[in-house]
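Listed below, chain by chain, are the residues.
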Amino acid sequence: MQWGSVSEFFAMGGYGLYVWTSFVVTALCMVWEVLALWRRRAAARVEHRAMLLGGSNETAA
Amino acid sequence: MSVNWSKYSAPMAFYPLAGRLIPWFACVAVALMGVGLYMGFFVAPTDFQQGEAYRIIFVHVPAAWMSMFLYVVMAVWAGIGLGLNARLSFMMAQAIAPTGAMFTFLALLTGAMWGKPTWGAWWVWDARLTSELILLFQYAGVMLLRTSIDDMRRADRSSAVFALVGVVNVPIIYFSVQWWNTLHQGASVSMSTGSKMAATMLTAMLLMTLAFWLYSVAVILSRVRCIIVERESLPVWEEEPPVIQKVAEVR
Amino acid sequence: MSRSSMWEAVGGIVRRDLLLAMRRRSDAAMSVFFLVIVVSLFPLGVGPEPAVLRTIGPGVLWVAALLACLLSLARVFTADYVDGTLEQMVLVPQPLAVLVVGKVFAHWVISGLPIVLLSPLLGLQFGLSGESLGVLVMSLLLGTPTLSMIGTIGAALVLGVRGSGLLVALLVLPLYVPVLIFGAGAVTGSMAGIGAEANLSLLGACLVLSLFLAPWATAAALRIALE
Amino acid sequence: MSRSSMWEAVGGIVRRDLLLAMRRRSDAAMSVFFLVIVVSLFPLGVGPEPAVLRTIGPGVLWVAALLACLLSLARVFTADYVDGTLEQMVLVPQPLAVLVVGKVFAHWVISGLPIVLLSPLLGLQFGLSGESLGVLVMSLLLGTPTLSMIGTIGAALVLGVRGSGLLVALLVLPLYVPVLIFGAGAVTGSMAGIGAEANLSLLGACLVLSLFLAPWATAAALRIALE
Amino acid sequence: MLQAVTLSCRRGERRLFSDLTIKVEPGTLLAVVGENGSGKTSLLRIFSSLLPPDEGSILWDGEDIHQLKELYSGQLTYIGHLNGIKDDLTPLENVMSAINLTGEACSRTAAQEALEAIGLKRPVHRLPSKVLSQGQKRRVALARLWLSTRPLWLLDEPFTSLDAASTGVVTQRLHAHLQRGGLAVIVTHQEVDLPVERVQRLRLTG
Amino acid sequence: MLQAVTLSCRRGERRLFSDLTIKVEPGTLLAVVGENGSGKTSLLRIFSSLLPPDEGSILWDGEDIHQLKELYSGQLTYIGHLNGIKDDLTPLENVMSAINLTGEACSRTAAQEALEAIGLKRPVHRLPSKVLSQGQKRRVALARLWLSTRPLWLLDEPFTSLDAASTGVVTQRLHAHLQRGGLAVIVTHQEVDLPVERVQRLRLTG
Ligand code: HEM
Ligand SMILES: Nc1ncnc2c1ncn2[C@@H]1O[C@H](COP(=O)(O)OP(=O)(O)OP(=O)(O)O)[C@@H](O)[C@H]1O
Ligand SMILES: Nc1ncnc2c1ncn2[C@@H]1O[C@H](COP(=O)(O)OP(=O)(O)OP(=O)(O)O)[C@@H](O)[C@H]1O
Ligand SMILES: [Mg+2]
Ligand SMILES: [Mg+2]
């Protein structure tokens, strides 16, 4: 382990900005993707409920 | 054989299967990512040339690899879809594109983040970089072509044709470094030291790659489930599994 | 033909065209993508040397912006002509030139504005500095509406004077050249420390001129096309 | 479906397209015009230094040629699609891919060949020397048909899609990149005395590859578009 | 009142008609018939001011439309061979934007009612127009008639590719328009099912 | 012999028809009727192999057209809603290039005769098609029928914007075709004036 302290860890030998931007943006992208999928799924379900209530059940035939 | 195939390729038969698989992939992905990050930040040593900046490698290389790999996978699904006229394949291709594009974007961004400290520029017009940018355009092309076409069937098939044609570019992207003088250092940066330290770096990088791969599978599977719900006008399933069976049989 | 109903009509046209664009949200994205791709082609062809790239940067960016405008403009009226909407437009109880301005405005919002907004990023890729970036944005902001205005004359003429399209090209492309020279000149000037004011004000003059003249020319061309 | 009737059909398509082009000579002239404008714009935007111009010459020429091809692509199938001729083409008792080759050939004769023939003149403007000029012509001769072949895939994919001008650019330009790199590389290589054979043969390989693959992809795309 | 005075029209080398003088009174309809290429569409376009006549003039309430310009445009609703609808917009949006274009406001419900009046059901209102069938597209174009308060209607083959039911509906609408004192000029190859006293026939013989 | 077997077709969310089974014998004509949007054009496009059906198949002389591919294309003449003529070519050139496209030769005189048969006079043959009237354009498209030796004709609303005389001429041509043992499927909103024993009507109810 080469980090003397927490602040040293965050400084990343002077490259903190670059390293942490990379990692944080990557993490954000992934989290955002998961959240977006979650929302999309919820929306799709709601729409389906509405359709079922609307009674357009032609696919059963 | 055709009977079997069509049975397993039916989206609603696949739906619950995908639902069961997602948690596994997601959990393992998170676990591996944790281990990989730990190794990357606490076990792997400082690079004697680049200092700590090199640690970007643990997201940059996995993202770059996934970006190319996912394109090929997408093209394969597209090809299967065109050949066998299987709806599920088109849906898979559709589900892969956004994630692939995201990784391409990440590879570009992390590369730029790495480039500033090492090369002194956010961006250079180098073969590897430019071709990665072009890969982003290919993803964008596939997705925009799809959204530009209203008819679902045509959207599927047209974007599949384009994805297939575009796959010609992937090897070209890969080998362009050799045809063109380049700044991007390839393997020389990380592993040439050849010592024990390089080995831990390599392990961390591979762990992260595996984690990204599992993450992609999980995300893509759940996106495909959304797509199935949106596109197949079927009742909602998983709450009452028997219904699925019935519908599948009727079909 | 009250003033308010004129705004109603212009607003209607702008709204409809924006709606059409929203239907294809990708449209706005498209001109941006196009710009980025064309800009990336030049380094591929010319080679990666930063010094050379910085020299040609403003020119390349401006040419690419012009091409993006050109490509999207070719179609401003064609669709309307083919599906008969243009007939309806001409028969509206408002002056046609005013409607044309509405149409061009909608078009610029969809395809010109995104280019302007994106240009600093591309400028960075070519190694332009802070001040030059500002001049680049400014020049595009003044230049792209001019390109749109001039382009519509060509687009309208192409509808009517099919046979002598060569004439159209001869007419419109030379009109584009000054805009390009002033636009690229402004950026190069600011890079060379000469200052960009002269070129920028020339661009502004072009804009004002085109704003006053182009709609009438376009309206006339449209009427001829429909006879 | 005898062999002779196949030639009849392909010949028919080539003849018809050339005839149409003759009717609209302006369209054919457009791509050449465009080339000249784009190319002569660079000295204006970049400044008159001969060294810089010679460095960027091959790249600019190739990019301009590529964009000229791209601009003309929009026309390949759209008119046929709108007026219903494409339906008739798909229903012909010959393999569609073969007809596509005929169409691409006609397209190349109209818009690619003039570019090839004009290029030495433009090369001279950039101060290219005798041997490099030869390589330039050769590379364009091998490259532009490839561009046409690849481009038609895109043109077929976007039929009937709104904003197709830009979409087709987005789809096709990434696929053009290798051709651009080899083409510009050949000329730069010959200027640097490295020799152009490697790049030229790669261009040839691209041509052969596209000749075998593109027509099928285009035919598939056309069928999909008409469904 | 719409009048054509010593109208003549040449296209290319052909003289389509000459010295045509005719009067359309409020409450009546002029049905222009004749074989293909006899100049019916050309005449209608002259009436609409899209095409200037070679000789003669069109008078609206006694004034030359060449002088009236936009004022005259405000009096008419023209539906040509082409439908004038956008493939990418839905029927609803198409109707609304077509009306907006003329400088009038058009509420969503009004547009919906117009579309329903001509027999396009609700689900169809939401589809992009390009997937509609030929006849459905024509109906979208004609739906504007239900929203038009203009006195003069110029219709070029309105019944093209309409089924029998819709043809009837459009004819009824025409009848109502005439009864309210409107004028109409239509080009058609079919019989128009309107009371004889309301219809004036003009046969062009090319 | 042309057969449709348990055909079904969905467009978007609508099922246009399902389980459609029908047989067209040589010498007879199938007239597809139905209201706008009921799927007539879709059916014709399925017959022409342009549109793949969702279920079922089309048999030509007992063989699936999906298998026959280009062989089947060689059997049919299809004229759709769109005329398939080039605005910049003359009617003569249009007819000749349309025939050439199918891999057959077409002499100038043959094309001229075809155009005259459908009532387009000599001077019109030389005009660019874009100046023709709607009905004249349709006639140029239909002129191909006089040059077609194919057994199967698929026509989508052939009589659109034709005048009464031309409608008669086309009907006669159809009759001659049937008498020579040809088959035809046409979509129309009008009555077809052919002997009843030759005509089979299919009404789509959407
Ligand atoms: C925007 C800029 C960049 C982009 C688009 C980019 C793109 C890529 C791609 C596509 C790969 C995977 C290809 C392969 O495995 O051969 C890759 C790998 C790699 N990149 Fe980058 N890169 C960028 C900047 C950088 C920078 C600045 C560095 C370091 C100085 C770097 C170091 C590496 C390394 C070490 C690998 C792994 C190579 C290997 O092991 O094969 N990259 N990059
Ligand atoms: N530039 C031209 N040169 C020669 N003739 C022309 C020209 N422009 C138009 N025409 C002729 O003028 C006539 C135009 O007729 P128009 O479109 O008014 O006919 P129509 O009565 O509406 O016919 P349809 O019933 O077919 O719609 C056609 O006969 C056409 O051939
Ligand atoms: N993508 C789609 N989504 C929903 N509906 C669609 C789609 N594509 C086509 N349709 C519907 O399918 C039908 C197509 O009908 P088709 O063109 O075959 O009608 P038609 O019987 O020929 O009518 P017409 O007499 O008007 O020509 C229309 O009702 C149309 O609304
Ligand atoms: Mg007419
Ligand atoms: Mg139809």
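Keep in mind that what you see is a predicted model, and the values were worked out from it rather than measured. All residue numbers refer to positions counted from 1 along the written sequence of the respective chain. Both sets of labels track the order of writing: A upward for chains, 1 upward for ligands. Local features are withheld for residues below a pLDDT of 70 in this predicted model, meaning they are given only at 70 or higher, and side-chain atom pairs are given and counted only at 80 or more; totals for whole chains, interfaces and linings count all residues. Values shown for side chains rest on all heavy atoms present in the structure; no hydrogens or waters enter the calculation.

A count of helical and extended segments in chain A gives two helices and zero strands. Among the 61 residues that make up chain A, the fraction classed as buried is 30%. For chain A, the accessible surface area stands at approximately 4000 Å², while carbon and sulfur atoms represent 70% of it. Segments assigned H or I by DSSP are reported as helices when at least four residues long, segments assigned E as strands when at least two residues long, and all are numbered from the N terminus. For every residue, the accessible area (1.4 Å probe, protein chains only) is compared with the maximum for its type, and the residue is labelled buried under 20%, exposed over 50%, or partly exposed between those bounds. Here, Shrake-Rupley sampling with a 1.4 Å probe gives the accessible areas, and only protein chains in the shown set may cover a residue.

Residue and element names in this part refer to chain C. Relative to the elements of secondary structure, Arg54 occurs in helix 3 (residues 50–73). A relative accessible area of 37% places Arg54 in the partly exposed class. Sequence separation between Arg54 and Phe33 is 21 residues, and the spatial gap between their C-alpha atoms is 21 Å. Note on contacts: a residue pair qualifies if any of its non-hydrogen atoms lie within 4.5 Å across the two residues. Apart from the residues within four sequence positions on either side, Arg54 is in contact with Phe126, Gly127, Leu128 and Met191.

Let us look at the coordination of the magnesium ion (ligand 4). Residues and elements named next belong to chain E. Distances define the donors: N, O and S atoms within 2.8 Å of the metal qualify, as do those within 3.2 Å of Na, K or Ca. Water is excluded, so some sites may look unfinished. Protein coordination of the magnesium ion (ligand 4) is provided by Thr41 (OG1) and His81 (NE2), with donor distances spanning 1.9 to 2.6 Å. On the criterion of sequence distance, the pair formed by Thr41 in helix 1 (residues 40–48) and His81 in the loop between strand 6 (76–79) and helix 4 (91–101) is long-range, its members being 40 residues apart. What makes Thr41 partly exposed here is its relative accessible area of 23%.

Here we come to the site of ligand 3. Each residue is tested against the molecule or strand, and it is near if at least one of its non-hydrogen atoms lies within 4 Å. Neighbouring residues of ligand 3: 23 residues in total, closest Ser133 and Gly135 of chain E together with Lys40, Thr41 and Ser42 of chain F. Any pair of N or O atoms that falls within 3.5 Å is considered a polar contact. Within protein, one atom must be able to donate a hydrogen and the other to accept it, and sequence-neighbouring residues count only if both atoms are side-chain atoms. For ligand 3, a nitrogen atom lies 3.4 Å from a polar atom in the backbone of Arg11 of chain F. Its free accessible area being 650 Å², ligand 3 has 93% of it covered by the protein chains. If you list the elements that add at least two residues to the shell around ligand 3, you get helix 7 (134–142) of chain E together with strand 2 (14–24) and helix 1 (40–47) of chain F.

Residue and element names in this part refer to chain C. Looking at any residue, its pLDDT shows the predictor's confidence there, from 0 to 100. Here chain C averages 81 in pLDDT, and 89% of its residues register 70 or above. Mean pLDDT values for the elements of chain C range from 74 in helix 1 (residues 3–23) up to 89 in helix 9 (residues 197–226). As a predicted assembly, this complex carries a pTM of 0.82 together with an ipTM value of 0.80.

A word on the arrangement of the chains. Summarising the chain contacts, 12 pairs of chains touch, and the pair with the most contacts is chains A and B. At no point do chain A and chain C touch; the closest pair of C-alpha atoms across them sits 18 Å apart. At the level of C-alpha atoms, the two units chain A and chain D stay apart, their nearest approach being 23 Å.

Residues and elements named next belong to chain E. The sheet built from four strands is open, its strands ordered 2-1-4-5 with antiparallel pairing. Because the sheet does not close on itself, it has two edges, and the strands there are strand 2 (14–24) and strand 5 (63–64). To obtain an axis, a line is fitted to C-alpha atoms, over the contacting stretch when the element is a helix, and the angle between two such axes runs from 0 to 180 degrees between their N-to-C directions. Sheet contacts for helix 1: strand 1 (2–11), strand 2 and strand 4 (55–60); angle to strand 1, the most-contacted strand, approximately 130 degrees. Two strands pair if DSSP finds at least two bridges between them.

The next thing to look at is the packing of aromatic side chains. Two rings from Phe, Tyr or Trp (for Trp, the six-membered ring) form a pair when their centres sit within 6.5 Å of each other. Planes less than 30 degrees apart are called stacked, planes more than 60 degrees apart edge-to-face, and all others tilted. On inspection of all chains with the given rule, the structure shows 14 aromatic pairs over all chains. On the numbers, 5.9 Å between centres and 70 degrees between planes, the contact of Tyr54 of chain B with Phe58 of chain B is edge-to-face. An aromatic cluster of three or more residues is present, and its members are Phe9, Trp20 and Phe23 of chain A together with Tyr38, Phe41 and Phe42 of chain B. Definition used: whenever NZ (Lys) or CZ (Arg) falls within 6 Å of the ring centre and also within 35 degrees of the ring normal, the charge is taken to sit over that ring. Over the face of the ring belonging to Tyr15 of chain B we find Arg225 of chain B, whose NZ or CZ atom lies 4.2 Å from the ring centre.

As a further point, take the interface of chain B and chain A. Each partner contributes to the interface: chain B provides 46 residues, whereas chain A provides 29 residues. Interface area, chain B with chain A, both sides summed: about 3400 Å², of which 69% is carbon and sulfur. Defined in terms of a 1.4 Å probe, buried area is the accessible area two parts forfeit on being brought together, summed over both. Interface area lost by chain B to chain A is led by Phe41, Phe42 and Glu52 of chain B, which between them contribute 18%. Each reported salt bridge corresponds to a side-chain nitrogen of Lys or Arg within 4 Å of a carboxyl oxygen of Asp or Glu. Run the count over chain B and chain A and you get two salt bridges. The partner of Arg40 of chain A in a salt bridge is Glu230 of chain B, with the nearest N and O atoms 3.0 Å apart. Where the side of chain B that touches chain A is concerned, the elements lending two or more residues are helix 2 (11–43), helix 3 (57–84), helix 4 (87–119) and helix 9 (196–231) of chain B. Any residue that is not Ala, Val, Leu, Ile, Met, Phe, Trp, Tyr, Cys, Pro, Asp, Glu, Lys or Arg is counted as polar, Gly included; the first ten are nonpolar and the last four charged. The class makeup of the residues in the side of chain B that touches chain A is 29 nonpolar, seven polar and 10 charged.

All names here are of chain F. Inspection of the secondary structure assignment puts Thr77 in strand 6 (residues 76–79). Judged by its relative accessible area of 5%, Thr77 falls in the buried class. Discounting chain neighbours no more than four positions away, the residues touching Thr77 are Arg144, Leu145, Ser148, Arg150, Leu152, Trp153 and Leu154.

Let us look at the sheet that holds strand 9 (residues 199–204) of chain E. Residue and element names in this part refer to chain E. Pairing in this open sheet of five strands is parallel, and the strands run 6-7-8-3-9 from one edge to the other. If you trace the sheet from one side to the other, it starts and ends with strand 6 and strand 9, each paired once. Between one strand and the next, the sheet's axes are offset by a mean angle of 15 degrees, whatever the strand orientation. Two elements, strand 3 (residues 29–34) and strand 9, share six bridges in a ladder whose sense is parallel. From the neighbouring strand, Ala31 faces strand 9, where its bridge partner is Arg201. In this fold helix 1 packs onto strand 3, strand 6, strand 7 (152–156), strand 8 (183–187) and strand 9, with an angle of close to 155 degrees to the strand it touches most, strand 7.

A separate point is the coordination of the magnesium ion (ligand 5). Ideal donor angles around a metal are set by the shape: a four-donor tetrahedron calls for 109.5 degrees, a six-donor octahedron for 90 or 180 degrees. Of the protein atoms, only Thr41 of chain F (OG1) and His81 of chain F (NE2) coordinate the magnesium ion (ligand 5), at distances of 1.9 to 2.6 Å. The class of His81 of chain F is partly exposed, set by a relative accessible area of 23%.

Turning our eyes to something else, we now look at a nonpolar patch on the surface. Patch membership is restricted to residues that have no salt bridge and whose relative accessible area is over 30%. Joining uses 9 Å for like charges and 5 Å for the nonpolar side chains Val, Leu, Ile, Met, Phe, Trp and Tyr. A cluster of nonpolar residues, Val168 of chain B together with Val208, Leu209, Leu211, Phe212 and Leu213 of chain D, forms a patch on the protein surface that exposes about 560 Å² of accessible area. In this fold, Leu209 of chain D is placed in helix 9 (residues 197–226).

So, about the side chain of Asp163 of chain F. Positionally, Asp163 of chain F belongs in the loop between strand 7 (152–156) and helix 8 (164–179). Look at Asp163 of chain F and you get buried, because its relative accessible area is 5%. Within the local environment of Asp163 of chain F, its side chain forms a polar contact with the backbone nitrogen of Asn36 of chain E, the two atoms lying 2.8 Å apart. At 2.5 Å, the side chain of Asp163 of chain F forms a polar contact with the side chain of Ser166 of chain F. Those residues within four positions of Asp163 of chain F in sequence are excluded, and the remaining contacts are Gly34, Glu35, Asn36 and His189 of chain E together with Arg139 of chain F.

Before going further, it helps to spend a moment on helix 3 of chain B. Helices are assigned an expected span. That span is 1.5 Å times one less than the residue count. Counted at 1.5 Å a residue, the expected span for helix 3 of chain B with its 28 residues is 40 Å, and the 40 Å between its end C-alpha atoms agrees. With its phi angle positive at about 55 degrees, Asn85 of chain B sits one or two positions after the end of helix 3 of chain B.

Nonpolar core, defined: a set of buried Ala, Val, Leu, Ile, Met, Phe, Trp, Tyr and Cys residues in which side-chain atoms within 4.5 Å join the residues together. Grouped together as the largest cluster of nonpolar side chains are 327 residues, with contacts concentrated most on Phe103 of chain B, Phe34 of chain C, Leu173 of chain D, Leu2 and Phe47 of chain E together with Leu2 and Phe47 of chain F. Top element by residues in this core is helix 9 of chain B. It accounts for 19 residues. In this structure, Leu173 of chain D is in contact with Phe34, Ile37, Val38 and Leu41 of chain C together with Leu66 and Leu70 of chain D, ignoring residues within four places of it in sequence.

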